[in-house]
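Examination of the molecular architecture
So the chains spell out like this:
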Amino acid sequence: MWSALEKMPAPATTYERIVYKNPSEHHYMKVCLEFQDRGVGLNAAQFRQLLISALKDLFGEVDAALPLDILTYEEKTLSAILRICSSGLVKLWSSLTLLGSYKGKKCAFRVIQVSPFLLALSGNSRELVLD
Amino acid sequence: MATLRRLREVPRHLLVCEKSNFGHDKSRHRHLVETHYHNYRVSILIPECGILSKELKNLVMETGPYYFVKNLPLHELITHDFINTFVKKGSCCALTYNTNIDEDNTVALLPDGKLILSLDKDTYEETGLQGRPSQYSGRKIMKFSAEESTMMSYFSNYQIQEHQPKIALSTVTELQCPVLQSSALRGAPEAACSAPELLDWLGAVFSHAELNNEPNNFISTYCCPQPSTVLAKAYLCTITGFILPEKICLLLEQLCHYFDEPKLAPWVTLSVQGFADSPVSWRENEHGFRKGGEHLYNFVIFNNQDYWLQMAVGANDDCPP
């Protein structure tokens, strides 16, 4: 009787190489919302609503419904990792750039990192501080 | 119409996925690790593991040190003394600190002794050196990584600091994880996930994203690619700093030996991210920063010594070798 760990090993796989051009259906953005005044807080749902209204203000109802996910959100620092369909990246990014206020309070989005590969957003070499 | 089309366009990116076996004579895994010089972050994921083995832990703790030298004139890197002491030994890498490859002059030293200068037009004309235009667009603070601790005494006339890479170790429980078959790089319907799906999932794990959202969730609908299984636990290890390719080779070798004894894990992963502002990606392939500056690779090491290698680059990059 063979146990699961004693099975005959499968033969070594053959070499194969695939080059994908523009394979990512999504792009990922690491962003941070900064307010001119302190003390403004948003929860994840309010943050998402803000993104939707930014898209709607610039591009209208249809693009406000672009598939957009908040993969991570930190309420303390108002920073998030967003996932947007690749065809909506330019629209989302430009909406974030042109957003100037939330409930009458001046604010701005800082786009820290953008990549079609989510793994690239787990580290940012430009944040390496050595001084 | 052209404007509408441009609104939907994104910068070109490439993902190369390869599969092979470590036992194959022509396997290029060593060469590809050794020729990716400027590494910022190394991440390891081991499914069904609660604690690192002593050998792996020692290797992880010994990936440093690296050195930070302020206001180092460039000519110090081409003196006979420097070349004999460090460059000829073959393990010396350097990269200018806090210089953006898309804005500033950037210099890199490769282990084979090549000095790469990426300069703006004015600086290039001032140097009078012969160069070539970038395929895609002074006195600076330098950072080094070297095998020798003689680095501290060699640059004692300058402000030099020794740094150790930052290491983060953690375990996650109840982790949803894609099912893979080592022979099926493209995946198999209902049976296995593809290499690009695995890479995406790995990004979600290391970004600490929620992997199990409902399709009607307002905040996020992201979920683990299917088919998937649930791991009781997984070990995550991240090393951040300026890491030599030789150290990464040692880690890769040790991970290959992970399966010398029977393990519950079907595979382990080793991911490496390059410095966004390095002027080269692999070998002397030009690297640039369009929107992301990413150049990264990931190994999936299976328990039968098969492996997958994914190499990803952005717009201002040559195709990985």
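Look up a bit, the structure's there.
A brief report on the enclosed structure follows. (Residues numbered from 1 in each chain as written. Chains lettered and ligands numbered in written order. Predicted model: local features only at pLDDT ≥ 70, side-chain atom pairs only at ≥ 80, totals over all residues. Heavy atoms only, no water.)

All names here are of chain A. Reading across the sheet, the 5 strands line up as β3-β4-β2-β6-β5 and stay open at both edges, with antiparallel pairing between neighbours. Of all strands in the sheet, those with a lone pairing partner are β3 (68-74) and β5 (101-102), marking the two edges. The pairing of strand β2 (residues 26-35) with strand β4 (residues 79-85) spans 7 bridges and is classified as antiparallel. Looking across to β4, one finds that Met29 is bridged to Leu82. Helix α1 (residues 44-59) rests against β2, β3, β4, β5 and β6 (105-115) of the sheet, and its axis sits at about 135° to β3. (Pairing = 2+ DSSP bridges. Helix = DSSP H or I, 4+ residues; strand = E, 2+ residues; numbered from the N terminus. Contact = heavy atoms within 4.5 Å. Axes fitted to C-alpha atoms, helices over the stretch in contact; angles between N-to-C directions.)

All names here are of chain A. Position of Leu55 relative to the elements: it lies in helix α1. Judged by relative accessible area, Leu55 falls into the buried class, the value being 0%. For the pair formed by Leu55 and Val114, sequence separation is 59 residues and the distance between their alpha carbons is 18 Å. Beyond its immediate stretch of four places on either side in the chain, Leu55 contacts Gly60, Asp63, Ala64, Leu66, Leu68, Lys91, Leu92 and Ser95. (Buried < 20%, exposed > 50% of the residue type's maximum accessible area, 1.4 Å probe, protein only.)

Now for the packing of aromatic side chains. All names here are of chain A. Scanning the entire structure with this criterion turns up 19 aromatic pairs over all chains. Ring centres of Phe47 and Tyr73 lie 4.7 Å apart, and the angle between their planes is 45°; on these two criteria the pair is classed as tilted. Here Phe47, found in helix α1, pairs with Tyr73, found in strand β3; they are 26 residues apart in sequence, far enough to count as distant. On the basis of relative accessibility, which here comes to 0%, the residue Phe47 falls in the buried class. (Phe/Tyr/Trp six-rings, centres within 6.5 Å; stacked < 30°, edge-to-face > 60°.)

With that out of the way, let us pick up the interface of chain B and chain A. Facing the 70 residues of chain B at the interface are 53 residues of chain A. Across the interface of chain B and chain A, roughly 5200 Å² is buried in total on both sides, 59% from carbon and sulfur atoms. Where chain B packs against chain A, one counts 5 salt bridges. Two residues, B:Asp277 and A:Arg126, come together in a salt bridge whose shortest N-O distance is 2.7 Å. Applying the counting rule to chain B against chain A returns 29 residue pairs in polar contact (both at pLDDT 80 or more). Those elements giving two or more residues to the side of chain B that touches chain A turn out to be α1 (2-7), β1 (14-21), β2 (39-47), β3 (66-73), β8 (160-163), α7 (195-206), β11 (267-274) and β13 (306-313) of chain B. Ranked by the residues each element gives to the side of chain B that touches chain A, the list is headed by β1(B), at 8 residues. Class assignment of the residues belonging to the side of chain B that touches chain A gives a composition of 33 nonpolar, 18 polar and 19 charged. With 6 bridges connecting them, strand β1 (residues 16-21) of chain A and β1(B) associate as antiparallel partners. Looking across to β1(B), one finds that A:Tyr20 is bridged to B:Leu15. (Buried area = accessible area lost by both parts, 1.4 Å probe. Salt bridge = Lys/Arg side-chain N within 4 Å of Asp/Glu carboxyl O. Polar contact = N/O pair within 3.5 Å; in protein donor to acceptor, adjacent residues only side chain to side chain. Nonpolar A, V, L, I, M, F, W, Y, C, P; charged D, E, K, R; others polar.)

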